[in-house]
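Observations on chain architecture
Now for the letters of each chain:
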Amino acid sequence: KGLKTSTNYLNTQKKHKNTMQELVFIQKKVSNRKELLKELDRELKKQNNLIAAKNSSIKSLEQRLDTLEHYYKHLVVNTYKHRDSRIWFMYILASDNIEQGYRRWKYLKNYANAINKQGEQILETKQELNNQKAELLNLRAQTLKSQQAREKEYNSLLKEESKSKAYAKKLSSNQSKYRKQ
């Protein structure tokens, strides 16, 4: 019985030594995973900053769009009030001279161009706003994936750490048991 106990003690001692080496290896893995977690945290922070910037950009675009639409509405209302083409012709024909008539015609032409340009700017701004919102959704999805990856990595780290500690503790108790025997 003493020989068996001695053999068990030696085997346990070898296992303990191997386990301690394995524990050192696992601790290095844990350290590497902690570094990975820090990198994931930095990436999440960067993504959250991008999301905040996109939100700010979207708010700015929405305000710009409101201003453009308000101005466009004003132009259209004025045009509607004076929609009778005879009034426009009378305005041009009532000029004191040809130069004044030309300036009035140019003004009316520029006014129509301004309305068209304003409409185009509204459409472009709406398109840009939609693009920004799509990018924001994409960023949020990426951030969610990063957070899930971080959680998974963290849980894996905790399991590995506790498993290695439990195994080392078990071997230590076995070693002390055989030593007593």
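What counts, and where the lines are drawn
Residues numbered from 1 in each chain as written. Predicted model: local features only at pLDDT ≥ 70, side-chain atom pairs only at ≥ 80, totals over all residues. Heavy atoms only, no water. Helix = DSSP H or I, 4+ residues; strand = E, 2+ residues; numbered from the N terminus. Rg over C-alpha atoms; globule rule 2.2 N^0.38 Å. Salt bridge = Lys/Arg side-chain N within 4 Å of Asp/Glu carboxyl O. Buried < 20%, exposed > 50% of the residue type's maximum accessible area, 1.4 Å probe, protein only. Core = buried A, V, L, I, M, F, W, Y, C linked by side-chain atoms within 4.5 Å. Contact = heavy atoms within 4.5 Å. Phe/Tyr/Trp six-rings, centres within 6.5 Å; stacked < 30°, edge-to-face > 60°. pLDDT = per-residue confidence, 0-100.

**Comments concerning the overall build of the protein**
Within the protein, the regular secondary structure consists of 3 helices and 0 strands. Element order for the protein, N to C, with α for helix and β for strand: α-α-α. Computed over C-alpha atoms, the radius of gyration of the protein comes to 38 Å, more than 25% over the 16 Å expected from 2.2 N^0.38 for 181 residues, which places it beyond the range of a compact globule. Taken over the C-alpha atoms alone, the protein extends approximately 130 × 25 × 15 Å along its principal axes.

**Here we look at the pattern of salt bridges**
Under the criterion given, the structure shown has 6 salt bridges. Notably, a salt bridge pairs Glu39 with Arg42, separated by 2.9 Å at the nearest N-O pair. With Glu39 and Arg42 both in helix 1 (residues 2–81) and 3 residues apart, this pair spans about one turn of that helix. The class for Arg42 is partly exposed, based on a relative accessible area of 48%. Residues Glu135 and Lys54 are paired through a salt bridge, measuring 2.4 Å at the closest nitrogen-oxygen approach. Of this pair, Glu135 sits in helix 3 (residues 98–180) while Lys54 sits in helix 1, and the two are 81 residues apart along the sequence.

**Here we look at the nonpolar core**
Judged by nonpolar contacts, Ile51, Ile58, Leu61, Leu65, Leu68, Ile122, Leu129, Leu136 and Leu139 together constitute the single largest core of 9 residues. Put simply, the parts of the chain that give this core at least two residues each are helix 1 and helix 3. Element by element, the count of residues in this core is highest for helix 1, at 5 residues. Among all residues touching Leu65, those that are not within four sequence positions of it are Ile122, Thr125, Lys126 and Leu129. Membership of the second largest hydrophobic core comes to 5 residues, among which are Ile26, Leu37, Leu40 and Leu157.

**A look at the packing of aromatic side chains**
In this description, an aromatic ring pair is defined by two values, namely the gap between the centres and the angle between the planes. Evaluated as defined, the whole model comprises 2 aromatic pairs. An angle of 35° between the planes, with centres 5.9 Å apart, marks the rings of Tyr102 and Trp105 as tilted. Placement of both Tyr102 and Trp105 in helix 3 is noted, with a separation of 3 residues, approximately one turn of the helix. Plain terms: the ring middles of Tyr107 and Tyr111 are 6.1 Å apart, the flat faces sit at 35° to each other, and that makes the pair tilted. With Tyr107 and Tyr111 both in helix 3 and 4 residues apart, the pair spans about one turn of that helix.

**A closer look at the side chain of Gln132**
In this fold, Gln132 is placed in helix 3. Residues in contact with Gln132, not counting those within four places in the same chain, are Lys54, Ser57, Ile58 and Leu61.

**A word on the environment of Leu44**
Structurally, Leu44 is set in helix 1. Sequence separation between Leu44 and Thr143 is 99 residues, and the spatial gap between their C-alpha atoms is 6.2 Å. Not counting the four nearest positions on each side in its chain, Leu44 is found in contact with Thr143, Ser146, Gln147 and Arg150.

**Observations concerning the environment of Ala114**
Position of Ala114 among the secondary structure elements: in helix 3. Spatially, the C-alpha atoms of Ala114 and Leu75 are 8.4 Å apart, while their sequence positions differ by 39 residues.

**Looking at the confidence of the model for the protein**
When pLDDT is averaged along the protein, the result is 81; 91% of the residues meet or exceed 70. Element-level mean pLDDT values for the protein span from 72 in helix 2 (residues 85–93) up to 83 in helix 3.

**Some details on the side chain of Gln118**
For Gln118, the position within the fold is in helix 3. Not counting residues within four places of it along the chain, the set of residues in contact with Gln118 comprises Leu68, Tyr71, Tyr72 and Leu75.

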